[in-house]
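# Working through the structure, step by step
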Amino acid sequence: MYKIVKKRELNPTVTLMEIDAPLIAKKAEPGQFIILRVDDQGERIPLTVADFDRNKGTVTIIFQIVGASTELLNHKVEGEYIADFVGPLGQATHTDGLKKVAVVGGGVGCAIAYPVTKKLHQLGAEVHAIVGFRTKDLVILEDEFKAASSRMELMTDDGSYGTKGLVTDALKKLIEEGNQYDEVITIGPLIMMKFVCKLTQQYNIKTTVSMNSIMIDGTGMCGCCRLTVGGKTKFACVDGPDFDGHLVDFDETMARASTYRDFEIKAHEHVCNLLKAEVK
Amino acid sequence: MPNMSLKKNEMPTQAADVRNKNFSEVALGYSEEQALDEAKRCLHCKNKPCVTGCPVRIDIPEFIAKVAQGEFEEAYKIIQRSSSLPAVCGRVCPQETQCEQVCVRGIKGEPVGIGRLERFVADRHNELSRQKPDQPKGNGRKVAVVGSGPAGLTCAGDLAKKGYSVTIFEALHLAGGVLVYGIPEFRLPKAIVQKEIDSLKELGVRVETNMVIGKVLSIDELMDEYGYEAVFIGSGAGLPKFMRIPGENLKGVYSANEFLTRVNLMKAYKQDSWTPIHNAKRVAVVGGGNVAMDAARCAKRLGAQEVYIVYRRSLAELPARKEEVEHAMEEGIVFKLLNNPTEILGDDKFNVTGIKCVEMELGEPDSSGRRRPVEKNGSEFIIDVDCVIMSIGTSPNPLIKSTTKGLETESWGGIIADEATGQTSRKGVFAGGDAVTGAATVILAMGAGKNAASAIDKYLTEK
């Protein structure tokens with residue numbers, strides 16, 4: 001059992017939790033992920049590590065309430081326990097030798113973009129952070145990104161906060177201004193990463209994407225998380241989750257990500273009804 | 001007087017058209033009468049060929065003699081001396097190619113039903129015995145076992161009986177390895193696996209779940225920082241193989257590992273499970289091993305109308321156990337033999353719509369001694385399916401190899417280990433099971449775990 005030592009709602013649908021997991025905290029690096037089960041009947045869900053504290057022995061996760069399991073997780077309070085928490089899995093984000101980087105995060109993907117932003121900043125690289133959200137109420141980690149970057153562009157789709165527009169608009173502007181990036185690192189919805197890659201391809205800038213595929217074991221055993229990269233089948237859990245964005249087949253990946261959407265919607269409704277019944 | 005019937009007592013089973021709609025166990029087990037009758041078929045040969053045929057060398061005639069006398073608990077104790085998992089082996093061992101293959105009764109008629117008797121004895125014990133195993137006297141020395149499948153459980157059990165303080169490190173949230181994620185409930189009920197693991201815990205074995213060795217902790221950390229004097233690696237088979245044909249990443253294409261893990265470990269067949277699975281109507285399973293049979297039979301039980309086994313050689317070359325093939329056929333699985341997939345077809349939404357195959361014929365024998373299948377020109381055809389399960393084997397997981405300096409592996413990734421002892425290229429590190437041999441059977445993994453346990457004991461005693 002793993003204790004929830006801190007819980008904070010970042011916005012109405014995104015929650016931060018700090019989990020007591022000293023062995024994982026000792027080794028975790030930006031880009032890696034954990035797999036958790038809320039309870040004994042739970043499914044295994046992968047979440048990318050949002051932060052870690054090696055001294056306190058805690059690992060931070062930030063999740064959006066999208067389905068049954070994240071709803072159940074969000075129902076847990078500080079001091080309670082979750083059944084399983086395993087990691088750090090996958091390969092760490094490659095940061096060696098990077099001098100100037102643009103990190104592009106979208107929505108809850110910003111939670112995953114943050115630790116690598118922080119690491120690059122600590123390593124002395126010049127980091128430009130571009131973070132995008134649908135609307136003002138959904139903005140997360142604004143102060144954190146500001147502190148870990150030398151320039152930050154905050155975008156909202158509806159213009160309710162920051163600059164109105166898409167992250168690709170901001171990235172294009174920064175590139176056009178003459179910023180020469182060694183690499184662009186982008187984490188967010190698949191469709192956003194696809195268009196970031198399309199843009200950076202035009203400028204021939206190496207682009208790393210973080211793939212949040214459907215997984216079960218997360219150790220290379222089941223092959224559920226596979227995707228096509230440069231014409232070859234790769235497993236996000238052991239070969240990734242980071243890949244060269246210019247080589248990823250996004251259309252196929254987006255289709256695979258939708259495999260269980262109907263099931264998930266039904267399961268989520270079912271859980272909400274159960275929780276409501278409990279409250280009554 | 002021995003019972004000279006040429007035939008084994010038949011195993012009672014659920015009727016085929018009933019069992020292919022449920023996940024309850026197919027074989028129901030001998031009654032006491034059947035067990036007594038079958039035990040009397042053993043001739044108690046002096047040279048005991050059956051014992052030589054058993055990878056863990058159970059004293060088969062001795063336990064059968066006790067069954068014949070009705071002393072079932074005594075029979076259990078004899079099996080237990082050599083095997084840590086009798087209820088499991090009685091169900092999933094390929095006895096027909098091991099102990100029963102060399103049984104003298106098999107020369108004329110059927111061999112003694114050794115596996116069925118083993119199962120009877122183990123089930124009887126589990127049902128009736130409340131006796132706790134004797135706690136071995138501890139010697140205070142720590143051994144780590146990586147993986148809680150058949151190799152790891154056997155190695156851990158044998159070492160614990162010798163007094164070692166054993167900790168098993170399991171990557172998943174539940175112990176049992178392939179016995180819980182791979183082999184389906186209807187062939188090996190999970191309560192039986194749990195019972196075997198509980199008895200190991202009673203012996204003092206500790207099980208730590210959620211421990212992916214190579215990630216959470218390395219082998220070196222286990223030895224240098226945590227004080228384990230020896231390590232046994234029984235991490236099992238690894239990454240599923242695919243055919244590298246077009247369409248393998250469509251929605252509705254599974255590796256057998258994924259499909260079986262969803263069904264068995266994550267209980268996707270139960271109403272209250274949160275783990276989803278494709279609600280397929282027509283399923284093609286590619287491959288001909290036991291895993292392919294398991295996947296096909298699970299798909300049928302989940303409600304598929306048509307389930308095909310697509311295999312590129314003929315019936316004679318099917319690597320699955322004969323009994324599994326027969327059960328699958330009885331349950332209505334359709335065998336498309338001498339057919340090889342060339343492409344998986346999909347619609348514009350990336351859903352599987354069919355599998356394109358080509359007919360094969362058998363040519364000259366290849367390196368495996370089996371006749372090589374050759375394509376028949378112009379024989380392509382399409383089977384309409386909405387789900388494809390690839391069951392063509394696995395390649396070893398690189399997690400341990402890549403994080404353990406000096407651990408040598410074969411070019412295909414298997415850990416190099418001495419066949420008799422499991423000794424690897426690293427001092428104090430032993431390995432066995434699928435991690436060494438590539439995909440094989442439960443009992444071979446158990447044999448390797450057993451050999452490694454005695455080698456570890458010898459190594460630590462002499463150290």
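Predicted, not measured: the structure shown is a model, and the values here were computed from it.

## A closer look at the overall build of chain B
For chain B, the count of helices and strands is 16 helices and 16 strands. Relative to a compact globule of 463 residues, whose C-alpha radius of gyration would be 23 Å, chain B shows 23 Å and is just as compact. Expressed as a percentage of the 463 residues in chain B, the buried residues total 57%. Total accessible area on chain B is roughly 19,200 Å²; 50% of this is exposed by carbon and sulfur atoms. Taking the average location of the 60 positive side-chain charges in chain B and that of its 60 negative ones, the two points are 2 Å from each other.

## Some words on the domain arrangement of chain A
Residues and elements named next belong to chain A. According to the domain assignment, chain A contains domain 1 (2-89) and domain 2 (100-210). The straight-line distance from the C-alpha centre of domain 1 to that of domain 2 is 24 Å. Taken together, the contact pairs 15 residues of domain 1 with 14 residues of domain 2. A combined buried area of about 1,100 Å² lies between domain 1 and domain 2, and 64% of that area is made up of carbon and sulfur atoms. The largest contributions to the domain 1 side of the interface with domain 2 come from N11, P30 and I62, which together make up 34% of the buried area.

## Overview of the nonpolar core
All names here are of chain B. Within the largest apolar cluster, 77 residues are counted, with the highest numbers of intra-cluster contacts made by I60, F63, I64, V67, L117, L179 and I456. In terms of residue count, helix α16 (residues 442-462) provides more of this core than any other element does, 10 residues in total. Residues lining this core come from more than one domain, with at least three contributed by each of domain 1 (16-128) and domain 2 (142-237 + 395-462). Here F63 is in contact with I58, A75, I78, I79, I114, L117, E118 and V121, once residues within four sequence places are set aside.

## Some details on the interface of chain A and chain B
Chain A puts 47 residues into the contact, and the matching count from chain B is 41 residues. Carbon and sulfur atoms make up 59% of the surface buried where chain A meets chain B, a total of about 3,600 Å² over both sides. A per-residue breakdown of the area chain A buries against chain B is headed by M221, R226 and Y260 of chain A, which together make up 19% of the total. Linking chain A to chain B there are two salt bridges. The salt bridge involving K26 of chain A is made with E225 of chain B; its shortest N-O contact spans 3.6 Å. If you list the elements that add at least two residues to the side of chain A that touches chain B, you get α1 (22-27), α2 (68-74), β7 (84-89), β14 (226-229), β15 (232-235), α7 (250-257) and α8 (261-279) of chain A. Among the elements that line the side of chain A that touches chain B, the one with the most residues is β7 of chain A, at six residues. In terms of residue class, the side of chain A that touches chain B is built from 22 nonpolar, 14 polar and 11 charged.

## Looking at the sheet that holds strand β9 (residues 126-133) of chain A
All names here are of chain A. Overall, mixed pairing links the seven strands, which are arranged β11-β10-β9-β8-β12-β13-β16 in an open sheet. If you trace the sheet from one side to the other, it starts and ends with β11 (163-164) and β16 (242-244), each paired once. One ladder, built from six bridges, connects β9 with strand β10 (residues 151-156); its direction is parallel. Across the sheet, F133 pairs through a bridge with T156, a residue of β10. Contacting β8 (100-106), β9, β10 and β12 (183-187), helix α5 (residues 167-176) runs over the sheet at an angle of about 145° to β10. Packing against the sheet, helix α6 (residues 190-203) makes contact with β8, β12 and β13 (207-210), and its axis sits at approximately 165° to β12.

## Structural notes on the sheet that holds strand β9 (residues 334-337) of chain B
All names here are of chain B. With parallel pairing, five strands are arranged side by side in an open sheet as β6-β14-β7-β8-β9. Two strands close off the open sheet at either side, each with one partner strand: β6 (253-255) and β9. Between one strand axis and the next, the sheet turns by 20° as a mean value, whatever way the strands run. Note that strand β8 (residues 306-311) and β9 share four bridges and pair parallel. Considered in β9, the bridge of V310 is made with K336. Along the sheet, helix α12 (residues 256-265) contacts β6 and β14 (387-390); its crossing angle with β6, the most-contacted strand, is approximately 85°. Helix α13 (residues 290-301) contacts β7 (282-286), β8, β9 and β14 of the sheet and is inclined by roughly 165° relative to β8.

## Let's talk about the side chain of H173 of chain B
Among the structural elements, H173 of chain B can be located in the loop between β2 (165-169) and α9 (178-181). Engagement of the side chain of H173 of chain B in a polar contact is seen with the side chain of R37 of chain A, the distance being 3.4 Å. Engagement of the side chain of H173 of chain B in a polar contact is seen with the side chain of R44 of chain A, the distance being 2.9 Å. When sequence neighbours within four positions are dropped, the list of residues in contact with H173 of chain B reads R37, R44 and D84 of chain A together with T209, N210, L265 and M266 of chain B.

## Section: the side chain of E183 of chain A
In this fold, E183 of chain A is placed in strand β12. The residues contacting E183 of chain A, other than those within four sequence positions of it, are L98, K100, V101, A102, I205, K206 and T208 of chain A.

## Quick notes on the domain arrangement of chain B
Residues and elements named next belong to chain B. Split by domain assignment, chain B resolves into domain 1 (16-128), domain 2 (142-237 + 395-462) and domain 3 (242-392). A C-alpha centroid distance of 30 Å is found between domain 2 and domain 3. Each partner contributes residues to the interface: domain 2 has 12 residues there, and domain 3 has 14 residues. Looking only at domain 2, the three residues that lose the most surface to domain 3 are Y181, F186 and R187, adding up to 52% of its buried area.

## Looking at the pairing of β14 of chain A
Residue and element names in this part refer to chain A. Taking every second residue as pointing to the same face, both faces of β14 are buried, with R226 and T228 on one and L227 and V229 on the other. Two elements, β14 and β15, share four bridges in a ladder whose sense is antiparallel. For L227, the partnering residue across the bridge sits in β15 and is K234. What sits between β14 and β15 in their antiparallel hairpin is a turn of two residues, with G230 showing a positive phi close to 60°.

## Structural notes on the environment of E252 of chain A
Within the element layout of this structure, E252 of chain A appears in helix α7. It is 7.8 Å that separates the C-alpha atoms of E252 of chain A and T228 of chain A, two residues lying 24 residues apart in sequence. Setting aside residues no more than four positions away along its own chain, E252 of chain A makes contact with L227 and T228 of chain A together with N249 and F350 of chain B.

## Some remarks on the packing of aromatic side chains
Residues and elements named next belong to chain B. Overall, the coordinates contain nine aromatic pairs over all chains when judged by the stated rule. Considering the side-chain rings of F169 and Y228, the 5.8 Å spacing of their centres and the 85° angle between planes classify their relative orientation as edge-to-face. Placement of F169 in strand β2 and of Y228 in the loop between α11 (219-224) and β4 (230-233) is noted, with a sequence separation of 59 residues between them. Given the relative accessible area of 5%, Y228 is considered buried. It is K142 that lies over the ring of Y228; its NZ or CZ is 4.5 Å from the centre.

## Let's talk about the pattern of salt bridges
Residue and element names in this part refer to chain B. According to the stated counting rule, one finds 49 salt bridges over all chains in the structure shown. A salt bridge links R206 to E208, with the nearest nitrogen and oxygen atoms 3.7 Å apart. Judged by relative accessible area, which is 46%, R206 ranks as partly exposed. Note that D366 and R313 form a salt bridge whose closest N and O atoms lie 3.4 Å from each other. On the criterion of sequence distance, the pair formed by D366 in the loop between β11 (352-365) and β12 (371-375) and R313 in the loop between β8 and α14 (322-330) is long-range, its members being 53 residues apart. Under the relative-accessibility criterion, R313 is labelled buried at 3%. Among the ionic contacts, a cluster of salt bridges with common partners joins R19, E96, R187, D294, R297, R301, R321, E323, E324, E330 and E331.

Rules of the game
Residues numbered from 1 in each chain as written. Chains lettered and ligands numbered in written order. Predicted model: local features only at pLDDT ≥ 70, side-chain atom pairs only at ≥ 80, totals over all residues. Heavy atoms only, no water. Helix = DSSP H or I, 4+ residues; strand = E, 2+ residues; numbered from the N terminus. Rg over C-alpha atoms; globule rule 2.2 N^0.38 Å. Buried < 20%, exposed > 50% of the residue type's maximum accessible area, 1.4 Å probe, protein only. Areas by Shrake-Rupley, 256 points an atom, 1.4 Å probe, with all protein chains shown as cover. Lys, Arg positive; Asp, Glu negative; His and termini not counted. Charge placed at Lys NZ, Arg CZ, Asp CG, Glu CD. Domains from an automatic or database assignment. Contact = heavy atoms within 4.5 Å. Buried area = accessible area lost by both parts, 1.4 Å probe. Core = buried A, V, L, I, M, F, W, Y, C linked by side-chain atoms within 4.5 Å. Salt bridge = Lys/Arg side-chain N within 4 Å of Asp/Glu carboxyl O. Nonpolar A, V, L, I, M, F, W, Y, C, P; charged D, E, K, R; others polar. Pairing = 2+ DSSP bridges. Axes fitted to C-alpha atoms, helices over the stretch in contact; angles between N-to-C directions. Polar contact = N/O pair within 3.5 Å; in protein donor to acceptor, adjacent residues only side chain to side chain. Phe/Tyr/Trp six-rings, centres within 6.5 Å; stacked < 30°, edge-to-face > 60°. Lys NZ or Arg CZ within 6 Å of the ring centre and 35° of its normal.

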